[in-house]
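# An overview of the molecular structure
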Amino acid sequence: NVLDADLQDQGIREVVAVGESDYRGSPLARTHNIATGLDRFNGHIVPQGALFSFNEVLGPVNASTGYKKELVIQGDKTVPDYGGGLCQISTTAYRGVWEYGFPIRERVNHSYSVRYYFPEGTDATIYPPYKDIQFFNDSPGDLLIQTYSEDGRAYFIYYGTRDKREAEVMGPY
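Bringing the overall build of the protein into the picture now. Of regular secondary structure, the protein possesses four helices and nine strands. Relative to the compact-globule value of 16 Å for 173 residues, the protein shows a C-alpha radius of gyration of 16 Å, a close match. Each of the three principal axes of the protein carries a C-alpha extent, and together these read 45 × 40 × 30 Å. Expressed as a percentage of its 173 residues, the buried residues of the protein come to 43%. Put simply, the protein shows about 9,000 Å² of open surface, and 49% of that area lies on carbon and sulfur atoms. Here the protein carries 16 positive and 23 negative side-chain charges, and the mean point of each set is 6 Å from the other.

Structural data, given as structure tokens:
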């Protein structure tokens, strides 16, 4: 339970959802980009009733914002570009909200399978400004995002107020 009175007044009381992904074995530049990107989301609040846009919170992705060049998927090719590995973060963010049952407005999977995003069909690619992940916070209160990584795994923890919804993950097939 969240003890801070101001957060409780915003409806931030308990863990609502957790997204997790595994990036063990990633190259150093990819690991750096994942850590840099995770920091952008830690402490972010999604107001009740608001649309969350991953790209909006992420901001610009280039050398001046701390990212390194690493492999990214562009169509049917894999090429070096700034921010390679950021889809690990968008996938992690997506998994938590999808499994809880938040309404997803925008989400695209990768054009081909990559081991970091297994099981297949549970990933969410981003490529600002063209591809984004967006969801509505239709829960009873605000959502506070806490991000961290440990032992090659990334986490998005969403704090808020749980409601009576029930969601069941079937597949992927």
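Read on, since the account is not over.
We now examine the layout of surface pockets. Of the pockets and cavities examined, the largest pocket occupies roughly 440 Å³. As for the largest pocket, its lining consists of 24 residues, of which Leu71, Val72, Ile73, Gly84 and Gly85 are closest to the centre. Listed by contribution, the elements that provide at least two residues to the lining of the largest pocket are strand E4 (69-74), strand E5 (77-82) and helix H4 (86-100). At four residues, E4 tops the list of elements feeding residues into the lining of the largest pocket.

Of all hydrophobic cores here, the largest spans 31 residues; its most connected members are Phe41, Phe52, Phe54, Ile89, Phe156 and Tyr158. Of all elements in the fold, only strand E1 (14-22), helix H2 (28-41), helix H3 (54-58), H4, strand E8 (143-150) and strand E9 (153-160) reach the threshold of two or more residues within this core. The element contributing the most residues to this core is H4, with seven residues. Discounting residues that sit within four places of it in the chain, Ile89 has contacts with Asn33, Ile34, Gly37, Leu38, Phe41, Phe54 and Phe156.

Turning next to the packing of aromatic side chains. Scanning all chains against the criterion turns up 11 aromatic pairs. Their ring planes at 35° and their centres at 5.0 Å tell us that Phe52 and Phe135 sit as a pair that is tilted. Of this pair, Phe52 sits in strand E3 (residues 51-53) while Phe135 sits in strand E7 (residues 134-136), and the two are 83 residues apart along the sequence. Relative to Phe135, the ring of Phe102 lies with its centre 5.5 Å away and its plane at 50°, an arrangement referred to as tilted.

What follows covers the packing of H2 against H4. At a closest axis distance of 8 Å, the pairing of H2 and H4 adopts a crossing angle of 45°. With respect to each other, H2 and H4 are oriented oblique. Crossing handedness for the pair H2 and H4: right-handed. On H4, the residues touching Arg30, Asn33, Ile34, Gly37, Leu38 and Phe41 of H2 are Leu86, Gln88 and Ile89. Residues of the contact of H2 with H4, tallied by class, amount to five nonpolar, three polar and one charged.

Thresholds applied
- Residues numbered from 1 in each chain as written.
- Predicted model: local features only at pLDDT ≥ 70, side-chain atom pairs only at ≥ 80, totals over all residues.
- Heavy atoms only, no water.
- Helix = DSSP H or I, 4+ residues; strand = E, 2+ residues; numbered from the N terminus.
- Rg over C-alpha atoms; globule rule 2.2 N^0.38 Å.
- Buried < 20%, exposed > 50% of the residue type's maximum accessible area, 1.4 Å probe, protein only.
- Areas by Shrake-Rupley, 256 points an atom, 1.4 Å probe, with all protein chains shown as cover.
- Lys, Arg positive; Asp, Glu negative; His and termini not counted.
- Charge placed at Lys NZ, Arg CZ, Asp CG, Glu CD.
- 1 Å grid on protein atoms, 1.4 Å probe; cavity = no way out; pocket = protein on both sides within 12 Å on 5 of 7 lines; lining within 4 Å.
- Points joined across faces, edges and corners; volume = space filled by probe spheres on them.
- Core = buried A, V, L, I, M, F, W, Y, C linked by side-chain atoms within 4.5 Å.
- Contact = heavy atoms within 4.5 Å.
- Phe/Tyr/Trp six-rings, centres within 6.5 Å; stacked < 30°, edge-to-face > 60°.
- Axes fitted to C-alpha atoms, helices over the stretch in contact; angles between N-to-C directions.
- Parallel < 35°, antiparallel > 145°, perpendicular 65-115°, else oblique.
- Left-handed = near helix turned anticlockwise from the far one by under 90°.
- Nonpolar A, V, L, I, M, F, W, Y, C, P; charged D, E, K, R; others polar.

So far we have only geometry, and geometry alone does not tell us how the molecule works.
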